[in-house]
Amino acid sequence: MVKPKYKRVILKLSGEALGGEKGFGIDWQVVETICEEIEKVRELGVEVAIVVGGGNFFRGRSAEHIDRATADYMGMLATVINSLALQSILEKRGIQTRVQSAIEMRQIAEPYIRRRAIRHLEKGRVVIFACGTGNPFFSTDTAAALRAAEIDAEAILLAKKVDGVYDSDPKKNPNAKKYDFITYLDVINQRLEVMDSTATSMCMDNEIPIVVFELAKGNILKAVMGENIGTIVNVKEAK
């Protein structure tokens, strides 16, 4: 039997991904498909933690009438809705799941405690990290990089609406070049829209590979197995 490439991963999901075609609210069929994939990954013995955005309900950076800090806190609360949705569907599948929030809300989620999160993973539970880092001015991309470093994740699986990293927007430029491998520095220097620069720098400093791929059925499992389905961002390009 082929072994997975990674033993412990952070799966980064955008809020818009959970919104499906509409990009708003929750498309339950999309959530079911994601949870089905996570179940298959768990059956391989891979430890899975999830960071989810909240853009399907509220995007802090797009708020025009309130200050940025308040808008970011509102966005953090949106991530809790998505986290609880994922938890509910995963547990319907018999997968023990814990939501840990960077902002304390004891009635619905555990507070984020690094050692407890690691222990949950070791026991085979899925851990969902809500509320980003708990601080305004930091994205959920940065939260994914931070949590990956804290729990010693071997990779961040970055599920997006595009099938990898391109040198320009493939929707606008039909001749855009797709990278199979690219370095962190190239991502930062070329201002490629993979993760924000803070998150990319944190991954670079801690040498955490970022696997960028399209959120489509079967791709989460393929990414865990190390199949070439998107772009790998790492210290050095493959020869």
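Residue numbering note: each chain is counted from 1, following its sequence as written. The model is predicted, so local features are restricted to residues of pLDDT at least 70 and side-chain atom pairs to those at 80 or more, both for listing and for counting; the totals for chains, interfaces and linings are taken over all residues. Where side-chain values are given, they derive from all heavy atoms of the structure, hydrogens and water being excluded.

Participant: Can you help me understand the sheet that holds strand β9 (residues 181-183) in this one?
Facilitator: In a beta sheet, neighbouring strands are held together by backbone hydrogen bonds and run either parallel or antiparallel to one another. Between any two strands, pairing holds if DSSP finds at least two bridges. Only DSSP runs of H or I with at least four residues qualify as helices, and only runs of E with at least two residues qualify as strands; both kinds are numbered from the N terminus onward. Pairing in this open sheet of nine strands is mixed, and the strands run β4-β3-β5-β2-β1-β6-β10-β11-β9 from one edge to the other. The open sheet has two edge strands, β4 (110-111) and β9, and neither has a second partner. For strand β10 (residues 210-214) and strand β11 (residues 231-234), the ladder comprises three bridges, and the chain directions are antiparallel. The residue bridging valine 211 from the neighbouring strand is isoleucine 232, located in β11.

Participant: In this structure, what is going on with the UniProt feature "binding site: ATP" (unreviewed entry) in the protein chain? I would like to understand it.
Facilitator: UniProt positions are given in the numbering used here, feature names are shortened, and annotations may be inferred rather than shown by experiment. UniProt's entry tags Lys12, Leu13, Ser14, Gly15, Gly55, Arg59, Tyr166 and Asp169 with the feature "binding site: ATP" (unreviewed entry), counted in the numbering of this structure. Taken along the chain, the residues just named run across 158 residues; in space they spread out, the farthest C-alpha pair reaching 24.4 Å. Along the polypeptide, serine 14 turns up in the loop between β1 (8-13) and α1 (15-18). With residues up to four places along the chain from it excluded, the contact list for serine 14 reads Gly53 and Ala159. With respect to the secondary-structure elements, glycine 15 resides in helix α1. If we skip the residues at most four places from it in the chain, glycine 15 touches Gly53, Gly54, Gly55, Asn56 and Asn82. Residue contacts are counted whenever heavy atoms from the two residues lie within 4.5 Å of one another.

Participant: What's the story with the packing of helix α5 (residues 140-150) against helix α7 (residues 197-206) in this structure? I'm lost.
Facilitator: Between two packed helices, both the angle of their axes relative to each other and the distance between the axes serve to describe the pair. Orientation is described by axes fitted as lines to C-alpha atoms, over the contacting stretch for helices, and by angles from 0 to 180 degrees between their N-to-C directions. Interaxial distance between α5 and α7 falls to 8 Å at its minimum, and their mutual angle equals 15°. When the axis of α5 is compared with that of α7, the two are roughly parallel. Regarding α5 and α7, the two cross each other, and that crossing is left-handed. On α7, the residues that touch Asp141, Thr142, Ala145, Leu146 and Ala149 of α5 are Thr198, Ala199, Met202, Cys203 and Asn206. Note that the term roughly parallel is reserved for angles under 35 degrees, roughly antiparallel for angles over 145, roughly perpendicular for angles of 65 to 115, and oblique for everything else. Crossing handedness: left-handed means the near helix sits turned counterclockwise from the far one by under a right angle, and right-handed means the same turn made clockwise.

Participant: Teacher, can you tell me more about the UniProt feature "binding site: UMP" (unreviewed entry) in the protein chain here?
Facilitator: UniProt records the feature "binding site: UMP" (unreviewed entry) for Gly54, Asp72, Thr133, Gly134, Asn135, Pro136, Phe137, Phe138, Ser139 and Thr140 in the present numbering. In this structure, aspartate 72 sits in helix α3 (residues 68-92). Setting aside chain neighbours within four positions, we find aspartate 72 in contact with Gly60, Arg61, Pro136, Phe137 and Phe138. With respect to the element layout, threonine 140 can be found in helix α5.

Participant: When you look at the pattern of salt bridges in this model, what are you seeing that I'm missing?
Facilitator: Oppositely charged side chains can pair when the atoms bearing their charge come close. Think of a salt bridge as a Lys or Arg side-chain nitrogen and an Asp or Glu carboxyl oxygen that are within 4 Å of each other. In total, this model carries eleven salt bridges according to the counting rule given. Lysine 40 serves as the salt-bridge partner of glutamate 36, at 3.7 Å between the closest nitrogen and oxygen. Here the residue glutamate 36 and the residue lysine 40 both occupy positions in helix α2 (residues 28-43), the gap between them amounting to four residues, near one helical turn. Burial classes: relative accessible area under 20% of the type maximum marks a residue as buried, over 50% as exposed, and values in between as partly exposed (1.4 Å probe, protein chains only). Among the residues examined, glutamate 36 registers a relative accessible area of 25% and is labelled partly exposed. Under the relative-accessibility criterion, lysine 40 is labelled partly exposed at 36%. We note a salt bridge from glutamate 104 to arginine 106, for which the minimum N-O separation is 3.4 Å. Using a relative accessible area of 56% as the deciding quantity, one classes glutamate 104 as exposed. Here arginine 106 falls in the exposed class, since its relative accessible area comes to 67%. Overlapping salt bridges, with partners in common, bring together Glu32, Glu39 and Arg93 in one network.

Participant: Before we go on, may I ask you to explain α2 in this structure?
Facilitator: For an α-helix, 3.6 residues make a turn, and residues three or four places apart therefore share a direction. In this scheme, a helix's expected span is set at 1.5 Å multiplied by one less than its residue total. Here α2 contains 16 residues, and its C-alpha end-to-end distance of 22 Å stays within 8% of the 22 Å for a straight helix at 1.5 Å per residue. All of the buried residues along α2 are Val31, Ile34, Cys35, Glu37, Ile38, Val41 and Arg42. In a view along the axis of α2, the buried residues occupy a sector of 155°, so they form one face of it. Exposed residues lying more than 90 degrees from the buried face of α2 are Gln29 and Glu43. Looking at the packing, one finds that the buried side of α2 touches β1, α1, β2 (47-52), α3, β5 (126-130) and α8 (219-225). Any N or O atom pair separated by 3.5 Å or less is treated as a polar contact, with the protein-specific requirement of one donor-capable and one acceptor-capable atom, and with residues adjacent in sequence counted only for side-chain atom pairs. Taking the backbone nitrogen of glutamine 29 as reference, a side-chain oxygen 3.0 Å away marks aspartate 27 as the first, capping residue of α2. Positive phi shows up at glycine 45, right after α2, with a value of about 90°. The arc refers to the directions leading from the helix axis to the C-beta atoms.

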